[in-house]
Amino acid sequence: MTLQRKTRRQTRRALTLGALAVSGALALTACGSDATSEGDSTGGTAAAQTGKIDCGDAQGQLLADGSSAQKNAIDAWVKQFTAACQGLQINYKGSGSGAGITAFTQGQVAFAGSDSALKPEEIAESKKICKDGQAIDLPMVGGPIAVSYNLPGVDNLVVDAPTLAKIFDSKITTWDDAAIKKLNPDADLPSTKIQAFHRSDESGTTDNFTKYLIAAAPDDWKYEGGKSWQAKGGQAASGSSGVAQQVKQTEGAIGYMELSYAKDSSTVSIATGASAPVAATVENASNAIADAKIVGTGKDLALELNYGTTADNAYPIVLVTYEIVCDKGNKPETLPATKAFLNYVASEDGQALLADAGYAPIPDEIIGKVRETINGLA
């Protein structure tokens, strides 16, 4: 690969200073940083990964903010990037999609992460920052929104969209409700009160979770959706990590979160009309994302997901996290680092790290268009 020849000298230096680079990467990871690399191997040790990173002219400090859903993915990427590109420091706050887009449109960060595509008014606002251009959506991280529950003695719980909608709208209040029993005839369901947890902050995770309920259970979910939780009742917690913690420590609890936050918890399978209920796995999420359509115009690559899929092994509650950048008018002092980071994230190496972190790689046809768009950023 030509990039290998171009960066061989940088790579040797990075590997010689391996211990220092790794410690720096871990420090940045604790702050919620980001990273950059390019290549075409499918994984392996840090040394193997850094061998294909192209740092380009990236240097200085790159500030970013946004989606907390992708933070665990960024933590994995930053270790690889900072091990090779020691002249650049990247700080990704992960304050949430709403905060990230606000920071971007106010010119405070080089790029933002969002679990929802930009709204028309946000694109209009971005034109003040993107000189002669506008903000665009680049789909970079996929994955299932897992529905985690805490019900000792009950494994392999199955729900469908109408039942899930009624649970989170406080219409089903105990675990031995007839609707849940019908879907789980062999389970010993207790009369424990259901404690449904939702996000207290504006969240793309909430937006995508409720989009699923709107599409798959329109008769039972009458809210318009969005990043803010609208249903009455239930309990709130901040961030995916906060919801995950509350579910884990509260018997009878249920909550929605990215799969990477539910690794040590029980998660429901969804009865979609497929031949069997579908579990929340990376592979099953990828199957659903592959059915997405690009609906953005120009260089914008916003996707329309099929939340009502009934295909076998397609988990319907998915989200895609976008990196938000200017198509034109990016700040000259941060553009090289931004492109280097995005090139790594979109590369085969970067995407290959996602599954181990609980995320789904973006399908080849879509990520190929992302790579082309990154190369044209100005």
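Reading guide: rules and limits
- Residues numbered from 1 in each chain as written.
- Predicted model: local features only at pLDDT ≥ 70, side-chain atom pairs only at ≥ 80, totals over all residues.
- Heavy atoms only, no water.
- Helix = DSSP H or I, 4+ residues; strand = E, 2+ residues; numbered from the N terminus.
- Expected span 1.5 Å × (residues − 1).
- Buried < 20%, exposed > 50% of the residue type's maximum accessible area, 1.4 Å probe, protein only.
- 1 Å grid on protein atoms, 1.4 Å probe; cavity = no way out; pocket = protein on both sides within 12 Å on 5 of 7 lines; lining within 4 Å.
- Points joined across faces, edges and corners; volume = space filled by probe spheres on them.
- Nonpolar A, V, L, I, M, F, W, Y, C, P; charged D, E, K, R; others polar.
- Salt bridge = Lys/Arg side-chain N within 4 Å of Asp/Glu carboxyl O.
- Axes fitted to C-alpha atoms, helices over the stretch in contact; angles between N-to-C directions.
- Parallel < 35°, antiparallel > 145°, perpendicular 65-115°, else oblique.
- Left-handed = near helix turned anticlockwise from the far one by under 90°.
- Contact = heavy atoms within 4.5 Å.
- Core = buried A, V, L, I, M, F, W, Y, C linked by side-chain atoms within 4.5 Å.
- Phe/Tyr/Trp six-rings, centres within 6.5 Å; stacked < 30°, edge-to-face > 60°.
- Disulfide = S-S within 2.5 Å.

A. Broad picture of helix α12 (residues 335-346). Between its first and last C-alpha atoms α12 spans 16 Å; for 12 residues at 1.5 Å apiece the expected length is 16 Å, and the two agree. By the burial criterion, the buried members of α12 are L335, A337, T338, A340, F341, L342, N343, Y344, V345 and A346.

B. Quick look at empty space enclosed by the protein. Tallying each qualifying case throughout the model produces 2 cavities of 30 Å³ or more. Estimated volume of the largest cavity: approximately 90 Å³. Looking at the largest cavity, the residues that line it are F104, V109, A110, I129, C326, G329, N330, K331, T334, L335 and T338. The calculated volume of the second largest cavity comes to roughly 40 Å³. If you trace the second largest cavity, you find it lined by A69, Q70, V141, G142, G143, P144, E258, L259, L319, T321, G358 and Y359. Within the residue set of the lining of the second largest cavity, elements represented by two or more residues are β4 (135-149) and β13 (318-326). At 4 residues, β4 tops the list of elements feeding residues into the lining of the second largest cavity. Taken together, the residues of the lining of the second largest cavity sort by class into 6 nonpolar, 5 polar and 1 charged.

C. Main features of the layout of surface pockets. In this model, the largest pocket occupies a volume close to 250 Å³. Forming the walls of the largest pocket are 16 residues, and the residues nearest its centre are S116, A117, K211, L303 and Y322. Those elements that place two or more of their residues in the lining of the largest pocket are α9 (204-216), β12 (303-304) and β13. Here the residues of the lining of the largest pocket sort into 7 nonpolar, 2 polar and 7 charged.

D. Seen up close, the pattern of salt bridges. Counting across every chain of the model gives 6 salt bridges. A salt bridge links D220 to K166; its shortest N-O distance comes to 3.9 Å. Taken as a pair, D220 in the loop between α9 and β7 (235-237) and K166 in helix α7 (residues 161-168) lie far apart in primary sequence, 54 residues in all. For D220, a relative accessible area of 25% puts it in the partly exposed group. In this structure K166 comes out as partly exposed when scored by relative accessible area, which is 31%. Two residues, K211 and D207, come together in a salt bridge whose shortest N-O distance is 3.8 Å. One end of the pair, K211, and the other, D207, are both in helix α9, 4 residues apart, so they sit about a helical turn from each other.

E. Quick peek at the packing of α7 against α9. Where α7 meets α9, the axes come as close as 9 Å, and the angle between the chain directions of the two elements is 125°. Relative to α9, the element α7 lies oblique. You can see that α7 and α9 cross each other, and the crossing is left-handed. Contact residues: A161, L164, A165 and F168 in α7; F209, Y212, L213 and A216 in α9.

F. Representation of the nonpolar core within the structure. Counting residues in hydrophobic clusters, the biggest one holds 110 residues, and the most contacted among them are M140, L164, F168, F209 and I254. Counting residues per element, this core draws most heavily on β4, which supplies 9 residues. Beyond its immediate sequence surroundings of up to four residues, F168 is in contact with A196, F197, F209, W221, W229, A231, K232, I254, G255 and Y256.

G. Spatial organisation of the packing of aromatic side chains. Per the counting criterion, the structure on display carries 10 aromatic pairs. Here F168 and F209 contribute two aromatic rings whose centre-to-centre distance is 5.2 Å and whose plane-to-plane angle is 75°, an arrangement assigned as edge-to-face. A residue pair is termed long-range when its members are at least 10 positions apart, and F168 in helix α7 and F209 in helix α9 qualify at 41 residues. The residues F168 and F209 share a single accessibility class, namely buried. Considering the side-chain rings of F209 and Y256, the 4.4 Å spacing of their centres and the 10° angle between planes classify their relative orientation as stacked. Residue F209 is located in helix α9, and its partner Y256 is located in strand β8 (residues 253-258); the two are separated by 47 residues in the primary sequence. We note that F209, like Y256, is buried.

H. Looking closely at the state of the cysteines. The tally for this structure, following the rule as stated, stands at 2 disulfides. C55 shares a disulfide with C85; S-S distance 1.9 Å. As the torsion about the S-S bond is roughly -90°, the C55-C85 disulfide counts as left-handed. Of the two residues, C55 is situated in the loop between α3 (46-50) and β1 (60-66) and C85 in the loop between α4 (71-84) and β2 (88-92); the sequence distance between them amounts to 30 residues. The pair formed by C55 and C85 is uniform in burial state, with each residue classed as buried. Each sulfur of the disulfide joining C130 and C326 lies 1.9 Å from the other. Taking the torsion about the S-S bond as the criterion, the C130 to C326 disulfide, at about -70°, is left-handed. Placement of C130 in the loop between α6 (120-126) and β4 and of C326 in strand β13 is noted, with a sequence separation of 196 residues between them. Each bonded cysteine of the protein gets a number by its place in the sequence, and the pairs then read 1-2, 3-4.

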